[in-house]
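Architecture and fold: a report
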Amino acid sequence: MPLALLALAVGAFGIGTTEFVMMGLLPDVADDLHISIPSAGHLVSAYALGVVIGAPLLAALTARMPRRRVLIGLMVLFVAGNAVSALAPGEHALLLARFVSGLPHGAFFGVGAVVATSMVAPERKARSVSLMFLGLTVANVVGVPAATAMGQQLGWRATFLAVSAIGLVAIAALVALVPADHGHGETVGVRSELRALTSLPVWLALGTTVAGFGALFAAYSYVTPMLTEAAGYAAGSVTLLLALFGVGATAGNLLGGRLADHSLRGTLFGGLASLVVVLALFPVLMQARWSAALAVLLLGTAAFVTGSPLQLMVMEKAAAAPSLASSANQAAFNLANAGGAWIGGLALGAGLGVTSPAPAGAVLAVLGFGVAGVALAVDRRRGAPATAPTGRLIASHVPGERVSSER
């Protein structure tokens, strides 16, 4: 695999760390800024809002620029947002800084996925995407716990300065490892880019992402009370168990990338079916400590098996605008985060028990399976192969190469 994928993974590591570390630092931030924890929780929402707005917007506006330059520019914005977060004098300034930090998130993964797939042989495209996302999953194992511990010991501002430093390392890696003339954007305008997202298959692919990962976040958002109240773990053990989730996510991400290169649809349906089973069994698995730990590991594995297939499928269905479509998929992921947490909260609020968000998530996973089935039926009706060779799914978009599409 090209060393340039390492540069993308470093950027993904920094982004994954800053996205999730706020959850662990909420009490420290709230205490320092003299605000309530619910008010501090708006900092999480501000970042997510930045992702949803920035993902399609920045991808569309930079569509004609060389992708290496775009990636470097996005990381510069990422560094600036986190540096300003560290220096923010109050709540409102920090809210704005977190919003800015979220803007480059989706576009970086979107453009990065196109660059990653264009540098490898056709039969390795899914694996190249999974290696980029490896930085995101490893962040949950190493980056977030380390950054949280740093914030608790040295103050939360030190955490965001450290994340800014990771961004600087990523910029240096992009400059050194991604070829200067690699991957120019499309010659079409913004309207043509947006037009590529109006097809039904694209929206079905995005809908699968929202439902599938909404299933994950319906349960994961409330996994801490499940572990402490149902499984009987002490609160101090939760951090280690969440790292176990990251281990499962890393394994699922790598497995999904490898399997999707052989059967994209098969991997997607298999991952969603596995997620349904794991979430449905969660209330049973949470009755003992050993099985609860296994449940957390399996949840990460089952959910992230679908990551690379979903990313590739969206890019396939919008072959004329893969950067924009791939970035939109990251926005869909964050909508899944918010929507899944809301649905899981409804189950808890209805008094269905501390493990009730998991079965609610299983229902969402079934919905995702159904949407993916509809997408398959639409493809067959339009004459597209049900399981196309991965090499024909995505155009490499290197100058001189022909764009391929199966729509």
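See the structure printed just above.
Attention in this report is confined to the structure presented alongside it. (Residues numbered from 1 in each chain as written. Predicted model: local features only at pLDDT ≥ 70, side-chain atom pairs only at ≥ 80, totals over all residues. Heavy atoms only, no water.)

So, about the overall build of the protein. Along its length, the protein carries 16 helices and zero strands. The buried share of the protein, reckoned over its 407 residues, is 57%. Looking at the protein alone, contacts between residues at least 24 apart form 83% of all its contacts between residues at least 6 apart. When the accessible area of the protein is evaluated, it comes to approximately 15,400 Å², of which 69% is carbon and sulfur surface. (Helix = DSSP H or I, 4+ residues; strand = E, 2+ residues; numbered from the N terminus. Buried < 20%, exposed > 50% of the residue type's maximum accessible area, 1.4 Å probe, protein only. Contact = heavy atoms within 4.5 Å. Areas by Shrake-Rupley, 256 points an atom, 1.4 Å probe, with all protein chains shown as cover.)

Inspection of the secondary structure puts serine 118 in helix 5 (residues 91-118). Judged by its relative accessible area of 13%, serine 118 is buried. Serine 118 sits ten residues away from serine 128 along the chain, and the two C-alpha atoms are 9.1 Å apart. Reaching out from serine 118, the side chain makes a polar contact with the backbone oxygen of valine 115 at a distance of 2.8 Å. (Polar contact = N/O pair within 3.5 Å; in protein donor to acceptor, adjacent residues only side chain to side chain.)

Looking now at the pattern of salt bridges. Any two side chains of opposite charge can pair if their charged atoms end up close together. One pass over the structure, following the stated rule, counts three salt bridges. For aspartate 261, the salt bridge identified is with arginine 127, shortest N-O distance 3.0 Å. Of this pair, aspartate 261 sits in the loop between helix 11 (238-260) and helix 12 (264-285) while arginine 127 sits in helix 6 (residues 125-154), placing them 134 residues apart in sequence. Exposure remark for aspartate 261: the relative accessible area of 9% places this residue in the buried category. Assessed through its relative accessible area of 13%, arginine 127 is described here as buried. Residues aspartate 379 and arginine 265 are paired through a salt bridge, measuring 2.0 Å at the closest nitrogen-oxygen approach. (Salt bridge = Lys/Arg side-chain N within 4 Å of Asp/Glu carboxyl O.)

Further remarks concern the packing of helix 12 against helix 16 (residues 357-381). Relative placement of two packed helices is described by the angle separating their axes and the distance separating the axes. As a packed pair, helix 12 and helix 16 sit with axes 8 Å apart at the nearest point and diverge in direction by 160 degrees. Comparing their axes, helix 16 and helix 12 come out roughly antiparallel. Crossing handedness for the pair helix 12 and helix 16: left-handed. In terms of residue class, the contact of helix 12 with helix 16 is made up of 19 nonpolar, three polar and two charged. (Axes fitted to C-alpha atoms, helices over the stretch in contact; angles between N-to-C directions. Parallel < 35°, antiparallel > 145°, perpendicular 65-115°, else oblique. Left-handed = near helix turned anticlockwise from the far one by under 90°. Nonpolar A, V, L, I, M, F, W, Y, C, P; charged D, E, K, R; others polar.)

Inspection of the entire model under this criterion finds nine aromatic pairs. Pairing phenylalanine 108 with phenylalanine 109 gives two aromatic rings, centres 6.1 Å apart and planes at 85 degrees, and the pair type is edge-to-face. For phenylalanine 109, a relative accessible area of 0% gives the class buried. Ring-pair connections join several aromatic residues into one group, and the members of that group are Phe213, Phe217, Tyr220, Phe245, Phe304 and Phe333. Taking the ring centre of tyrosine 233 as reference, the NZ or CZ of arginine 289 above it sits at 5.6 Å. (Phe/Tyr/Trp six-rings, centres within 6.5 Å; stacked < 30°, edge-to-face > 60°. Lys NZ or Arg CZ within 6 Å of the ring centre and 35° of its normal.)

On to the side chain of serine 327. Inspection of the secondary structure assignment puts serine 327 in helix 15 (residues 322-349). Those residues in contact with serine 327, other than ones at most four positions away along the chain, are Ala55, Pro56, Ala59, Gly106, Ala107, Gly110 and Val111.

Remember that the coordinates give geometry; whether it matters functionally is a separate question.
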